[in-house]
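# Overview (structure and organization)
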Amino acid sequence: MNPAVERVSDAALKALDLNLMRHQVAAKNIARANEPGFLAHRVSISDQAGTAESQPGTLPVRLDHEVAEMVSASLEYQLIADALSRYLGMSRLAISTRS
């Protein structure tokens, strides 16, 4: 695979994973909202390691914030997936016209 295409694909896949995790964490926060003492978790991104993980927060769950987080994560996921699909389609087209 072309190194440029591979870099773009890898970055897009990491972004998709991040948004999936954001969605899952918000869903778990909603599911546990009525637990006494439960604090909303948030996704934390480590710039140095390039990884993300769920971290306990300091605030109680607010359903409106969690729903907004789920919608935001879903929309970003869809946009990234669509952009990646278009990019790969254009790359395929460029490769096929060279032959």
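All of the points below concern the structure found in this document. (Residues numbered from 1 in each chain as written. Predicted model: local features only at pLDDT ≥ 70, side-chain atom pairs only at ≥ 80, totals over all residues. Heavy atoms only, no water.)

### Remarks on the packing of helix H1 (residues 3–31) against helix H2 (residues 63–98)
Two numbers describe how H1 lies on H2: the axes approach to 9 Å, and their chain directions differ by 160 degrees. If you check the angle between H1 and H2, you find them roughly antiparallel. The handedness of the crossing between H1 and H2 comes out as left-handed. Of the residues that constitute the contact of H1 with H2, the class distribution is 21 nonpolar, seven polar and four charged. (Axes fitted to C-alpha atoms, helices over the stretch in contact; angles between N-to-C directions. Helix = DSSP H or I, 4+ residues; strand = E, 2+ residues; numbered from the N terminus. Parallel < 35°, antiparallel > 145°, perpendicular 65-115°, else oblique. Left-handed = near helix turned anticlockwise from the far one by under 90°. Nonpolar A, V, L, I, M, F, W, Y, C, P; charged D, E, K, R; others polar.)

### A few points about the pattern of salt bridges
A complete count under the given rule lists six salt bridges for this structure. For Arg-32, the salt bridge is made with Glu-35, and the minimal N-O distance between the two is 2.9 Å. Exposure remark for Arg-32: the relative accessible area of 34% places this residue in the partly exposed category. The salt bridge partner of Glu-66 is Arg-42, with a shortest N-O separation of 2.8 Å. Remark: Arg-42 occurs in strand S1 (residues 39–46) and Glu-66 occurs in helix H2; sequence separation between them is 24 residues. Judged by its relative accessible area of 0%, Glu-66 is buried. The exposure class assigned to Arg-42 is partly exposed, which follows from its relative accessible area of 38%. Several salt bridges converge on common partners, so that one network encompasses Arg-22, Glu-69 and Glu-76. (Salt bridge = Lys/Arg side-chain N within 4 Å of Asp/Glu carboxyl O. Buried < 20%, exposed > 50% of the residue type's maximum accessible area, 1.4 Å probe, protein only.)

Read these as layout, nothing more, since geometry by itself doesn't imply function.
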